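As a plain string of letters, each chain reads:
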Amino acid sequence: MRLVLDGLKCRVVSVVAGAGYGKTTLLAQALGRCPLPWVWLSCDERMTTADSLLGHLAAGLGLRFPGVGARLAFDGAVEAQADDLCNEVAQTVADDIAVVIDDVHTLGDTADAALGLLVRHLPPTVHLLLASRSALP
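Throughout what follows, the structure given in this document is the object of discussion. (Residues numbered from 1 in each chain as written. Predicted model: local features only at pLDDT ≥ 70, side-chain atom pairs only at ≥ 80, totals over all residues. Heavy atoms only, no water.)

Tracing the sequence through the fold places T106 in the loop between β3 (97-102) and α4 (109-121). Judged by its relative accessible area of 15%, T106 is buried. Only 3.4 Å separates the side chain of T106 from the backbone nitrogen of D44, close enough to count as a polar contact. (Helix = DSSP H or I, 4+ residues; strand = E, 2+ residues; numbered from the N terminus. Buried < 20%, exposed > 50% of the residue type's maximum accessible area, 1.4 Å probe, protein only. Polar contact = N/O pair within 3.5 Å; in protein donor to acceptor, adjacent residues only side chain to side chain.)

When the terminal C-alpha atoms of α4 are compared, their 18 Å separation across 13 residues agrees well with the 18 Å that a helix rising 1.5 Å per residue should span. Considered for burial, the residues of α4 that qualify are A111, D112, A114, L115, G116, L117 and L118. The inward-facing, buried residues of α4 contact α2 (50-64), α3 (78-92), β3 and β4 (126-132). (Expected span 1.5 Å × (residues − 1). Contact = heavy atoms within 4.5 Å.)

What follows is about the sheet that holds strand β2 (residues 38-42). Across the sheet, 4 strands lie side by side as β1-β4-β3-β2; this open sheet has parallel pairing. Only two strands of the sheet have a single neighbouring strand rather than two, namely β1 (12-16) and β2. Taking each pair of neighbouring strands and ignoring which way they run, the sheet shows an average axis angle of 15°. Where β1 lies against β4, 5 bridges are found, and the strand directions are parallel. Looking at the pairing, V15 lines up with A131 of β4. α4 contacts β1, β3 and β4 of the sheet and is inclined by roughly 145° relative to β4. (Pairing = 2+ DSSP bridges. Axes fitted to C-alpha atoms, helices over the stretch in contact; angles between N-to-C directions.)

Before going further, it helps to spend a moment on the packing of aromatic side chains. Two numbers describe a pair of aromatic rings. These are the distance of the centres and the angle of the planes. Tallied over the full model, the rule gives 0 aromatic pairs. Lying over the aromatic face of W38, R64 brings its terminal NZ or CZ to 5.3 Å of the ring centre. (Phe/Tyr/Trp six-rings, centres within 6.5 Å; stacked < 30°, edge-to-face > 60°. Lys NZ or Arg CZ within 6 Å of the ring centre and 35° of its normal.)

A word on the pattern of salt bridges. Following the criterion strictly, the structure yields 1 salt bridge and no others. The shortest N-O distance in the salt bridge between D44 and R46 comes to 2.5 Å. The exposure class assigned to D44 is partly exposed, which follows from its relative accessible area of 21%. On the accessibility criterion, R46 (69% relative accessible area) is exposed. (Salt bridge = Lys/Arg side-chain N within 4 Å of Asp/Glu carboxyl O.)

Next up, the structure:
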């Protein structure tokens, strides 16, 4: 299996397969050839809430693009939290970027809801690459 991100046209790519099938390796190799700046977020069982997912994603974006997400408070309604992050990215990151969210199957329900909002509301310059062991919500 080969994934090429050079000349990326689609905004969301999902890789779904069982444990040990090489999802993470595939995405890492694709990013190695990708001309876009990228951010990688590995999820785990502790990331059950929207504020946890969005806070970790904002921190990763802030490492790549200093200042992004620094003033955001991840509390309140999931919709407001996701909108705040999406608006921040739209206003501060002008170039195309790739964002990998690995192990999506470990997310809790409110984190799943936040991910759905990100898929729908992040600006078209953000290309999401999602890896999961089970069907995405």
